[in-house]
There are 2 protein chains.
Amino acid sequence: MPAVIDDLVPRVLRGDVRGVARALRIVDDRGADHLALLKALHPHGGRAFVIGVTGTPGAGKSTLVDRLVEALRARATKVAVVAVDPSSPFTGGAILGDRIRMQRHFLDEGVFIRSLATRGHLGGVSRSAGDVIRVLDAAGFDVIVVETVGVGQDELEIARYAHTTVLVTAPGLGDDIQAIKAGILEIADVFAVNKSDRDGADGAVRDLEQMIALGRETGAAVRGQGHSAAAAHGPAAGGAVAGEWTPPVLKTVATKNQGVTELLAACDAHRQWLADTGAGTRRLADRLAYEARAIFRGALVREAEARLGVVLLEAIARVERREEDPYTVSEALVSRALAGARA
Amino acid sequence: MPAVIDDLVPRVLRGDVRGVARALRIVDDRGADHLALLKALHPHGGRAFVIGVTGTPGAGKSTLVDRLVEALRARATKVAVVAVDPSSPFTGGAILGDRIRMQRHFLDEGVFIRSLATRGHLGGVSRSAGDVIRVLDAAGFDVIVVETVGVGQDELEIARYAHTTVLVTAPGLGDDIQAIKAGILEIADVFAVNKSDRDGADGAVRDLEQMIALGRETGAAVRGQGHSAAAAHGPAAGGAVAGEWTPPVLKTVATKNQGVTELLAACDAHRQWLADTGAGTRRLADRLAYEARAIFRGALVREAEARLGVVLLEAIARVERREEDPYTVSEALVSRALAGARA
């Protein structure tokens, strides 16, 4: 292990804030030492409770996360927030104006806030989120809240790193919500209908409960993959019934701090269910398998591209000039990269 | 070239609907013949005008696309719609309820509608979208509208395949919109504030125009990459000024068919600007380079995983059982996959 890592690991493990920040920079930069650091921290993880908060833009997710953090801090829990930011894939600029609202937590040593830009990470956003969670987990944060702004596939995959995934929606967000719910339904453990002082809140709750009940039909397949959310029995009354988890649908008004305690209680109940039924162990195994594959893929592409070097760049330039089609070029590059590898 | 492809290519090129559907199935399945098909179609592309429509859920994007298609059909253009659907990454189920609204186009032979699920495609969603666009382009569709529901990185990247990208938003969708706009601003060529009969429409237009003006600051960097959207000069009056494109911000009410003609005219103006300034040629070169890299990465991972076979599965199982950390396992797998390849 490099000396710098040798020195840094104990600092991270005792939760030294500057050490944690340093470790996160190393992980971000993906330099020579980052793998050594992540390997060294790996055995020390698994204690933090990771809550994923995702959902539709305009649902007031950030305010709700803000309130959740307040509620968690009220019971003296060390909290980290990882905000996944759909920044530009082109210039890499990350702007998250509403993070400003969380500045009041900045002076609170028990709250650590980290923005994670989604720009072109090899191996996907979820890979980066996994590495950041590994560092924060080793650093002794009790709860890590991972907040995603987007609703694309990358954001859905981040839910794989969470013990409990909260989907936030709000009344009156329109038709597209239906499509999004279809994708997210299977990964959400708790639903929050925020802004529930608006018209249509009861309808939104009913719609979600119906979709959860429909989820029973695909329950068997989903259970086989170790995901419990869609494997609900009966109407969505919330909580565990006969070994199954039925995702509760809660009404919240984050701006008025209504329903936040109940939301946190639902997360706690889900955590308890994971522990009691062994579902948590299964979920961890799934996550590790998923993560191993993502890490392998990212490293494979990075290493192959580094070895191909100028050959890769020249091949791409030929496609740019329309001298060759991208499929033929890709075949030749793959053959060259894997040359000599045995089956 | 396999005989089946030999037979299919001319059918696609003359726009035979069943041939096109067959070709799209082959592309989807990624079987033995799909590369041969895509290679054969590659030289025949480049005629279609590709309009990307993206934006925030709840903005009424699908209705607006529906109206755009009507307007395009009114001038007798052959139109294809590719709807990118954020379906479940877990079970692969794709549900897009609002596609039902487009059924009235199903009897219209000039409109071809295709849903594209975003589930776990190697090489990303954008890879699949690129292949589908290549087939439809070769089949002689005049306009291909690519509609994305999500706002994650994958969805942003699909904009790389569009000549003109329309960002749809609506008044009153909340704070998250700010964050999303930051990411999308640089890739949008035309902005539509839909539902503009609602309160706050003028404010939404003003906000966007301010962000476009701010975009001038990063203009130089963005120009270097061949993207014009953020390289605007002066207030957002719309249209081209001194070789630069200033994204216009238009008000629409899709449900009342208001502003749709103007929106289409703005897309036409942008297309003309691309042709007049050479920006279109630059954009095509960028897209091809991007696509070549994505195709290479997807093929590399697929081929390496196939060759590793059971070795890969056993290594992942060791991580699952916590016998090894995913980083160490990944290093060993990459070494094995690339063994023998020269620098």
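This text follows the structure it describes.
Residues numbered from 1 in each chain as written. Chains lettered and ligands numbered in written order. Predicted model: local features only at pLDDT ≥ 70, side-chain atom pairs only at ≥ 80, totals over all residues. Heavy atoms only, no water.

## Comments concerning the overall build of chain A
And step 1. When helices and strands are counted, chain A shows 13 helices and 9 strands.
And step 2. Residue burial in chain A is summarised as follows: out of 343 residues, 59% are buried.
And step 3. Long-range contacts, defined as pairs at least 24 residues apart, comprise 75% of the intrachain contacts of chain A with a sequence gap of at least 6.
And step 4. Counting every atom, chain A has about 12,900 Å² of accessible surface; 51% of that belongs to carbon and sulfur. (Helix = DSSP H or I, 4+ residues; strand = E, 2+ residues; numbered from the N terminus. Buried < 20%, exposed > 50% of the residue type's maximum accessible area, 1.4 Å probe, protein only. Contact = heavy atoms within 4.5 Å. Areas by Shrake-Rupley, 256 points an atom, 1.4 Å probe, with all protein chains shown as cover.)

## So, the packing of aromatic side chains
Residue and element names in this part refer to chain A.
And step 1. According to the stated counting rule, one finds 6 aromatic pairs over all chains in the structure shown.
And step 2. A ring pair is formed by tyrosine 161 and tyrosine 290, whose centres lie 6.3 Å apart and whose planes are at 70 degrees; its orientation type is edge-to-face. Linking tyrosine 161 in the loop between helix 6 (153-158) and strand 5 (164-169) with tyrosine 290 in helix 11 (residues 279-308), this pair joins segments that are 129 residues apart in sequence. Residues tyrosine 161 and tyrosine 290 agree in their burial class; the two are buried.
And step 3. Here lysine 78 stacks its cationic end above the ring of phenylalanine 141, 4.7 Å away from the centre of that ring. (Phe/Tyr/Trp six-rings, centres within 6.5 Å; stacked < 30°, edge-to-face > 60°. Lys NZ or Arg CZ within 6 Å of the ring centre and 35° of its normal.)

## Observations regarding the pattern of salt bridges
And step 1. Counting across every chain of the model gives 28 salt bridges over all chains.
And step 2. Between B:Asp189 and B:Arg283 there is a salt bridge, with the nearest N and O atoms lying 3.2 Å from each other. Remark: B:Arg283 occurs in helix 11 (residues 279-308) and B:Asp189 occurs in the loop between helix 7 (176-184) and strand 6 (190-193); sequence separation between them is 94 residues. Exposure class is identical for B:Asp189 and B:Arg283. Each is buried.
And step 3. Across the salt bridge formed by B:Lys251 and B:Asp202, the nearest N and O atoms sit 2.6 Å from each other. Linking B:Lys251 in strand 9 (residues 249-251) with B:Asp202 in helix 8 (residues 201-214), this pair joins segments that are 49 residues apart in sequence.
And step 4. Given the relative accessible area of 41%, B:Lys251 is considered partly exposed.
And step 5. Three or more residues joined by partner-sharing salt bridges are found here, namely A:Arg134, A:Arg287 and A:Glu291. (Salt bridge = Lys/Arg side-chain N within 4 Å of Asp/Glu carboxyl O.)

## Things to note about the packing of helix 2 (residues 17-29) of chain B against helix 3 (residues 34-41) of chain B
Any two packed helices are characterised by the angle at which their axes cross and by the distance between the axes.
Residues and elements named next belong to chain B.
And step 1. Relative to each other, helix 2 and helix 3 sit at 125 degrees, their axes nearing to 8 Å. With respect to their mutual orientation, helix 2 and helix 3 come out oblique. Judged by the twist between their axes, the crossing of helix 2 over helix 3 is left-handed. Residues Ala23, Ile26 and Val27 of helix 2 touch helix 3, and the partners they reach there are His34, Leu37 and Leu38.
And step 2. In terms of residue class, the contact of helix 2 with helix 3 is built from 5 nonpolar, 1 polar and no charged. (Axes fitted to C-alpha atoms, helices over the stretch in contact; angles between N-to-C directions. Parallel < 35°, antiparallel > 145°, perpendicular 65-115°, else oblique. Left-handed = near helix turned anticlockwise from the far one by under 90°. Nonpolar A, V, L, I, M, F, W, Y, C, P; charged D, E, K, R; others polar.)

## A word on the layout of surface pockets
A water-sized probe, rolled over the atoms, reveals where empty space remains.
Residues and elements named next belong to chain A.
And step 1. Approximately 470 Å³ is the volume attributed to the second largest pocket.
And step 2. The wall of the second largest pocket is formed by 28 residues, among which Gly46, Ala48, His163, Gly280 and Leu284 lie closest to the centre.
And step 3. Here the lining of the second largest pocket takes 7 residues from helix 11, the largest share from any one element.
And step 4. For the lining of the second largest pocket, the residue count by class is 10 nonpolar, 8 polar and 10 charged. (1 Å grid on protein atoms, 1.4 Å probe; cavity = no way out; pocket = protein on both sides within 12 Å on 5 of 7 lines; lining within 4 Å. Points joined across faces, edges and corners; volume = space filled by probe spheres on them.)

## Looking at helix 1 (residues 3-13) of chain A
At 3.6 residues per turn, the α-helix brings residues three or four places apart onto the same side.
All names here are of chain A.
And step 1. Looking only at helix 1, the buried set comprises Ile5, Leu8, Val9 and Val12. Along the axis of helix 1, the buried positions cluster into a sector of 110 degrees, meaning they face one direction only.
And step 2. Glycine 15 sits one or two residues past helix 1 and shows a positive phi near 80 degrees. (Arc of directions from axis to C-beta.)

## Description of the environment of A:Arg14
And step 1. Looking at where A:Arg14 falls in the secondary structure, it is placed in the loop between helix 1 and helix 2 (17-29).
And step 2. Using a relative accessible area of 62% as the deciding quantity, one classes A:Arg14 as exposed.

## Section: unusual backbone geometry
And step 1. We note that A:Lys195 has phi near 55 degrees; this positive angle belongs to a residue other than glycine.
And step 2. Among the structural elements, A:Lys195 can be located in the loop between strand 6 (190-193) and helix 8 (201-214).
And step 3. Of note in this structure, B:Asn257 is not a glycine but carries a positive phi near 60 degrees.
And step 4. Tracing the chain through its elements places B:Asn257 in the loop between strand 9 and helix 10 (260-277).
And step 5. Taking the relative accessible area as the measure of exposure, B:Asn257 reaches 39% and is therefore partly exposed.

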